[in-house]
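Residue strings, one per chain:
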Amino acid sequence: MVSYPDLRMRRLRDLAPIRSLTRETRLSPAEFIYPMFVTHGNGVKDPIEPMPGCYQMSVDLLAEEVGEAAELGVGGVLLFGLPAEKDPLGSEGYDPEGIVQEAVRAIKRDVPGMLVITDVCLCEYTDHGHCGVIDNGHVDNDATLELLARTAVTQVQAGADLVAPSAMMDGQVKAIREALNDQGYTGVPIMGYAAKYSSAFYGPFRVAAGSTPQFGDRRSYQMDPANARMAMREIESDIAEGADIVMVKPALAYLDVIHRARERFDHPLAAYNVSGEYSMVKAAGSQGWIDEKQVTLELLTSIKRAGADIILTYHAKEVARWLGEHS
Ligand code: PBG
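Draft legend 1. Broad picture of the side chain of T39. Within the fold, T39 resides in strand β1 (residues 32–39). The class for T39 is buried, based on a relative accessible area of 13%. Residue contacts for T39: discarding those within four places in its chain leaves V44, Q56, M57, S58, V59, L82 and I99.

And the structure:
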C-alpha cells in the first residue's frame, strides 16, 4: 500500500489538463432535455416569475426558441400546454387540435431535427388541477387511464417522438403502450416518470402551468418522499409495463434514489431537475449570494455522477451555452 509521502493525491490536481484527463463525469448538451410551456395566442412570451429565464410562449415564438436550443445541441424539448379552457375531464389534453398537439406540429415543421417529447398528464387541463378524473373527491385511477392513452395517441399523431406519462396512475405505461400499438405506433418509445415524488419542489411549475390542485394534494398518487425502496418497485413496474426510459423526479433531494436506480436497472435513466430546484439557484444567484454558474454546473454534475443518463432541466440552454464556451 502506497501512502504519503509516496502517495500524493495532489499530483492529479496540479495541472488543468491532468484534471481534465482524470475527470470522471462530464456534462454534454446532448443529454439535456429542455422543458417548455406553450400557450395560445400569437407573439406571446410571458415571463414565469418564480422561474427567471422561462416563459409561457405562443407557438410562433416557441418554435424560434426551440431552434435556438437545437443550435446549442440540446438533446430534446419537453412540452407542457396551457389550454384555452380547463374542465373536469381535461379535454384539451387529448384534443387533436389542442395547444400541445399544435406546438408539436409547428416544431416538427420548423425544427425537424429536434427531438420532441410530450408530457402526458391531465393536471394542466383539469379545472380541479388533479392529474386524473375525480370521482367522489378521489382521483379515479382506471377511469384516467383511457384519457391518458388518448392524450398520448393524439400527441404522437401530431408528431411527438417520445411520450412521457407523469400522472402517477397505476397502469399508465401499459395503457399508453397498448393504445400506441393499436394505432400502429409500435416504434414510439415511452419515458415513464416512474419514481415521481409528491414534492414541494414543484411549486414554481404549478405557477408556470397553472396546475395547482384546487383541493387536497397529490399524496394519494405521487410517492412519499421518505420512500426509496418503493421507488425501485415503481421503476420495476414501469419497466414491466413497457417503459423504455425511466425517471426519478425531483433530482437533487433524491440523488440517493438515482444512484440506487442506476445500480439496479440497465434502462436509460432520466432525472428531472425540477422547477423549485431551478428557482432556488436563480433566487440566490440574483442576490449575489452564490456563484450561479458554478453552482448550476456543480448541481448538474452531481445528478450525472449519481447515475442519471438524461437530465431534464430548465438550465439546459444556458448550460449548453457555457459548455460551448469551454471547448
Ligand atoms: C405534471 C407535472 C408536474 C411536473 C412535471 N409534470 C407537476 C406536478 O406533478 O405537480 C413538475 C415539474 C417541475 O416542477 O419542474 N403532472
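Draft legend 2. Geometry of the packing of aromatic side chains. Within this structure, the stated rule accounts for 8 aromatic pairs. Between Y193 and Y272, the aromatic rings sit 6.2 Å apart at their centres with planes inclined by 45 degrees, giving tilted as the arrangement. With Y193 in strand β9 (residues 191–196) and Y272 in strand β11 (residues 269–273), the pair connects residues that are 79 residues apart, well separated along the chain. No difference in accessibility class separates Y193 from Y272, as the two residues are buried. Aromatic rings pair up to connect F37, F80, Y193, F205, Y272, Y278 and Y314 into one cluster. Taking the ring centre of Y55 as reference, the NZ or CZ of K45 above it sits at 4.6 Å.

Draft legend 3. Looking closely at the site of the ligand. Near the ligand, the surroundings consist of 18 residues, among which K196, R206, K249, S275 and Y314 are the closest. Contacts to the ligand include Q222, whose side-chain N or O atom sits 2.9 Å from an oxygen atom. Here the ligand, which alone exposes 400 Å², has 100% of that area covered by the protein. The pocket occupied by the ligand, as judged from atoms lying within 2 Å of grid points, is the largest cavity. In terms of residue class, the shell around the ligand is built from 10 nonpolar, 3 polar and 5 charged.

Draft legend 4. Geometry of the environment of H267. You can see H267 is positioned in the loop between α8 (255–264) and β11. Here the alpha-carbon distance between H267 and I245, two residues 22 residues apart in the chain, equals 5.9 Å. Residues within four places of H267 in sequence aside, it is in contact with I239, A243, D244, V246, R262 and D309.

Draft legend 5. Quick look at α8. Those residues of α8 that fall on the buried side of the exposure criterion are V257, I258 and A261. Projected down its long axis, α8 shows its buried positions confined to an angular sector of 100 degrees, all on one face.

Draft legend 6. Summary view of empty space enclosed by the protein. Taken as a whole and assessed by the stated rule, the structure comprises 2 cavities of 30 Å³ or more. Together, 15 residues line the largest cavity, and C123, K196, F205, R218 and K249 are the ones closest to its centre. For the lining of the largest cavity, the secondary structure elements donating two or more residues are β9 and α6 (203–209). In this structure, the second largest cavity encloses a volume near 50 Å³. Every residue lining the second largest cavity is listed: Y34, P35, M36, F37, G53, C54, Y55, M57 and E65. Every element with two or more residues in the lining of the second largest cavity is listed here: β1 and β3 (55–58). Sort the elements by how many residues they give to the lining of the second largest cavity and β1 lands first, with 4 residues.

Draft legend 7. Representation of the packing of helix α7 (residues 229–241) against α8 within the structure. Direction vectors running N to C along α7 and α8 enclose 50 degrees, while the axes themselves pass 10 Å from each other. When the axis of α7 is compared with that of α8, the two are oblique. Here α7 runs over α8; the crossing is right-handed. Between α7 and α8, the residues in contact are R229, A231, M232, I235 and E236 and V257, R260, A261 and R264, respectively. For the contact of α7 with α8, the per-class residue count stands at 5 nonpolar, no polar and 4 charged.

Draft legend 8. A look at the pattern of salt bridges. Per the counting criterion, the structure on display carries 16 salt bridges. The salt bridge partner of R219 is D217, with a shortest N-O separation of 3.3 Å. Of the residues examined, R219 reaches a relative accessible area of 64% and is grouped as exposed. On the basis of relative accessibility, which here comes to 39%, the residue D217 falls in the partly exposed class. Through salt bridges that share partners, K45, E65, E68 and K317 make up one connected network.

Draft legend 9. Broad picture of the nonpolar core. With 81 residues, the main nonpolar core has L62, V77, L79, I235, V248 and I258 as its most contacted residues. At 8 residues, the largest contribution of residues to this core is made by helix α4 (residues 141–158). Every residue in contact with V77, bar those within four places of it in the chain, is listed here: I33, Y34, M36, V66, I107, M114, L115, V116 and I117. By size, the runner-up hydrophobic cluster in this structure holds 26 residues, among which are F205, Y272, Y278 and Y314.

Here is what the cut-offs are and how they apply
- Residues numbered from 1 in each chain as written.
- Predicted model: local features only at pLDDT ≥ 70, side-chain atom pairs only at ≥ 80, totals over all residues.
- Heavy atoms only, no water.
- Helix = DSSP H or I, 4+ residues; strand = E, 2+ residues; numbered from the N terminus.
- Buried < 20%, exposed > 50% of the residue type's maximum accessible area, 1.4 Å probe, protein only.
- Contact = heavy atoms within 4.5 Å.
- Phe/Tyr/Trp six-rings, centres within 6.5 Å; stacked < 30°, edge-to-face > 60°.
- Lys NZ or Arg CZ within 6 Å of the ring centre and 35° of its normal.
- Near = heavy atom within 4 Å.
- Polar contact = N/O pair within 3.5 Å; in protein donor to acceptor, adjacent residues only side chain to side chain.
- Areas by Shrake-Rupley, 256 points an atom, 1.4 Å probe, with all protein chains shown as cover.
- 1 Å grid on protein atoms, 1.4 Å probe; cavity = no way out; pocket = protein on both sides within 12 Å on 5 of 7 lines; lining within 4 Å.
- Sits in = over half its atoms within 2 Å of the grid points.
- Nonpolar A, V, L, I, M, F, W, Y, C, P; charged D, E, K, R; others polar.
- Arc of directions from axis to C-beta.
- Points joined across faces, edges and corners; volume = space filled by probe spheres on them.
- Axes fitted to C-alpha atoms, helices over the stretch in contact; angles between N-to-C directions.
- Parallel < 35°, antiparallel > 145°, perpendicular 65-115°, else oblique.
- Left-handed = near helix turned anticlockwise from the far one by under 90°.
- Salt bridge = Lys/Arg side-chain N within 4 Å of Asp/Glu carboxyl O.
- Core = buried A, V, L, I, M, F, W, Y, C linked by side-chain atoms within 4.5 Å.

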